[in-house]
Amino acid sequence: MTRERIHLFDTTLRDGQQTPGVDFSVEDKIAISSMLDAFGFDYVEGGYPGANPTDTAFFSEKRTEKAAFVAFGMTKRAGISASNDPGLAALLQAKSDAICFVAKSWDYHVRVALGCTNEENLQSIRESVEAARASGKKAMVDCEHFFDGYKANPDYALACARTAYEAGARWVVLCDTNGGTQPAEIRRIVETVIATGIPGSSLGIHAHDDTGQAVANSLAAVEAGCRQIQGTLNGIGERCGNANLVTLVASLSLKEVYSCRFETGIDPERLSGLTDLSHAFDELLNRSPNHQAPYVGASAFATKAGIHASALLKDPKTYEHVPPETVGNFRKVMISDQGGKSNFINALKRRGIVVQKDDPKLDLLISIVKEREATGYAYEGADASFELLAHRTLGTIPEFFTVDSFRVMVERRFDANGRIKTVSEAVVKLDVDGERVMSVAEGDGPVNALDLALRKDLGKYQAEIADLVLADFKVRILNGGTAAITRVLIESTDGDGTRWWTVGVSENIIDASFQALTDSIIYKLMKNRHMAGRMAAE
Ligand SMILES: CC(=O)SCCNC(=O)CCNC(=O)[C@H](O)C(C)(C)COP(=O)(O)OP(=O)(O)OC[C@H]1O[C@@H](n2cnc3c(N)ncnc32)[C@H](O)[C@@H]1OP(=O)(O)O
Ligand SMILES: CC(=O)C(=O)O
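Treat the numbers as computed from the prediction; the structure is a model and nothing was measured.

Undergrad: It is not clear to me how the overall build of the protein chain should be interpreted in this structure. Could you clarify?
TA: The secondary structure content of the protein chain amounts to 19 helices and 18 strands. With the principal axes as the frame, the protein chain shows a C-alpha extent of 90 × 70 × 45 Å. Sequence separation of 24 or more characterises 66% of the internal contacts of the protein chain that already satisfy a separation of 6 or more. Entry remark: accessible area of the protein chain is about 23700 Å², with carbon and sulfur atoms responsible for 50%. Here the protein chain contributes 59 positive and 72 negative side-chain charges, whose respective centroids are spaced 1 Å apart.

Undergrad: Would you explain the layout of surface pockets in this entry?
TA: Over the atoms rolls a probe the size of a water molecule, and in doing so it shows where empty space is left. For the largest pocket, the calculated volume is near 1600 Å³. His291, Ala298, Phe330, Lys332 and Trp501 are the residues nearest the centre of the largest pocket, which is lined by 43 residues in total. Sorting the residues of the lining of the largest pocket by element identifies helix 12 (274-285), helix 16 (383-394), strand 16 (469-477), strand 17 (486-493), strand 18 (499-506) and helix 19 (534-537) as the ones contributing at least two each. A per-class count over the lining of the largest pocket returns 16 nonpolar, 11 polar and 16 charged. Volume-wise, the second largest pocket comes out at about 530 Å³. Contributing to the lining of the second largest pocket are 25 residues, with Met74, Val102, Lys104, Leu114 and Glu144 lying nearest its centre. Mapped by element, the contributors of at least two residues to the lining of the second largest pocket are strand 4 (68-74), strand 5 (98-104), helix 5 (118-134) and strand 6 (138-144). Classifying every residue of the lining of the second largest pocket gives 9 nonpolar, 7 polar and 9 charged.

Undergrad: What exactly am I supposed to notice about the sheet that holds strand 17 here?
TA: Adjacent strands of a sheet form backbone hydrogen bonds with each other and so pair up, either parallel or antiparallel. Strand order in this open sheet of 3 strands is 16-17-18, and the pairing throughout is antiparallel. At either end of the open sheet lies a strand with only one pairing partner, and these are strand 16 and strand 18. Strand-to-strand twist of the sheet, defined as the mean angle between neighbouring strand axes without regard to direction, takes the value 20°. Across 8 bridges, strand 16 lies against strand 17 in antiparallel orientation. Residue leucine 470 lies in a different strand from strand 17, and its bridge partner there is serine 492.

Undergrad: Quick question: what am I supposed to make of the pattern of salt bridges here?
TA: Once their charged atoms are close, side chains differing in charge can pair, the charge on each being opposite to the other. Under the criterion given, the structure shown has 32 salt bridges. Notably, a salt bridge pairs glutamate 464 with arginine 529, separated by 2.7 Å at the nearest N-O pair. Taken together, the positions of glutamate 464 in the loop between helix 17 (446-456) and strand 16 and arginine 529 in the loop between helix 18 (509-528) and helix 19 put the pair 65 residues apart, joining distant regions of the chain. Judged by relative accessible area, which is 24%, glutamate 464 ranks as partly exposed. Residue classification places arginine 529 among the partly exposed positions, given a relative accessible area of 31%. What emerges from the salt-bridge pattern is a single network uniting Asp467, Asp494, Asp496, Lys524 and Lys527.

Scoring rules and cut-offs
- Residues numbered from 1 in each chain as written.
- Chains lettered and ligands numbered in written order.
- Predicted model: local features only at pLDDT ≥ 70, side-chain atom pairs only at ≥ 80, totals over all residues.
- Heavy atoms only, no water.
- Helix = DSSP H or I, 4+ residues; strand = E, 2+ residues; numbered from the N terminus.
- Contact = heavy atoms within 4.5 Å.
- Areas by Shrake-Rupley, 256 points an atom, 1.4 Å probe, with all protein chains shown as cover.
- Lys, Arg positive; Asp, Glu negative; His and termini not counted.
- Charge placed at Lys NZ, Arg CZ, Asp CG, Glu CD.
- 1 Å grid on protein atoms, 1.4 Å probe; cavity = no way out; pocket = protein on both sides within 12 Å on 5 of 7 lines; lining within 4 Å.
- Points joined across faces, edges and corners; volume = space filled by probe spheres on them.
- Nonpolar A, V, L, I, M, F, W, Y, C, P; charged D, E, K, R; others polar.
- Pairing = 2+ DSSP bridges.
- Axes fitted to C-alpha atoms, helices over the stretch in contact; angles between N-to-C directions.
- Salt bridge = Lys/Arg side-chain N within 4 Å of Asp/Glu carboxyl O.
- Buried < 20%, exposed > 50% of the residue type's maximum accessible area, 1.4 Å probe, protein only.

Written as structure tokens, this is what we have:
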């Protein structure tokens, strides 16, 4: 059976730019448009030339190779001709393949926001589309507030869509601008539009996520006949965002109900790059990826529940709706107090530690983890500390060094110029293979001083930790008041780029930090001996 083509229209650089806190530079736009182009989206809407210097500069060149490069802007203003409208002129001059006009399709908006007559608005739509086509560009019309407009005055909303279609718009896009329309309404209204004679092959859907249903609304529109979907990477966009194209690409490709009927322009081999695309975009925005994002989130294929882990080990299909690798994600069975034996066996196996289900040491390890988690440890986020704890409990770890004592001082004093200075100094005494080692270091703060002192002299192991770097340090206070428990998570990295996380918990922040710091060093020494880090290296 031949499949119908769904055209994917990305508006990350236009509607995505309307997200509070998001502000793209020209360089950002260049980088993002090439990512979108390479991934295989059909249309890349780059912004609104003429509205601001960034967008005008961005449209001074065509920025895509395969995707159609689209400029966005409003239809000509009422009361002036198309040839005299400066906004329209900027759109026509932009180096784009197509123009996507935003047009009012709710008579209430025509009256209140535009202040012109319904007929004048239809004329603006018609003449704008004709002007775009006359300049050799494809025209599309985003019918703003189409669904709300249809509910208020169906004849007028339809007249706007029809005017765009008859003027030669390649796509007439039905917009749920305020994002409140429900999937059943979308389906019914799209079917009605098609019944009036505008074919689904010319209709698009632009859904906002104000009721958390932008993806569902887009799919409902496709089921009803629309063949273009507008959306954004990771669903960014005005207010609650736009339809998430990352989710839509995955569902259209992997869910049989869609994949047997439809195909997109995205090469199936690209699908395994979906997680990377989503995360690379977040990197560019300088924000952490959403762990619970469908398909691509770090938790999308993660479980910490023992019953789930047990079944996953027998067959991953038991708790996965699609194989994680199809979208470039991976399965993660975490260690936590929700876990039973299977969870632990699996987690240990991935670290190269083999233990039998009936081994009493396994029961001991499970009870230690559960006890420790009850006191504030969190091994889900501290793989390396978990691994060390397992080795210690199973008796498979060498004793590299022992800590005799440490001391940290924080002193506030005047420096030689009479300025107030706070100095931290740490002293660490270790036993390394029978040799007593004492190190003293000053640091920016007490934890920094302690870290420097601990790593200053590790006797015969010193050269081995030369490339160890502390990448991140997170402190969490677990209960309020002066007797609060502190959890410290430390992220470390080394010369080969491996990253690992260690944890320490104590009523004293310095003590909690010291535990996490020593775990990090011991893990590094284990790793150097190929006794650790299997999972980190996978
Ligand atoms: C649903 C959406 O997301 S639509 C896209 C919304 N995005 C943006 O607005 C971001 C970019 N916009 C801008 O930078 C500015 O609004 C500009 C440069 C486009 C226009 O700026 P200004 O000329 O100062 O107008 P301003 O922003 O104050 O108001 C919009 C004007 O456009 C008119 N207008 C709005 N939509 C349309 C339309 N579809 N067709 C014709 N005119 C329109 C309004 O009636 C209003 O006219 P008025 O100035 O006579 O009251
Ligand atoms: C055009 C657009 O962004 C909207 O109607 O939501």
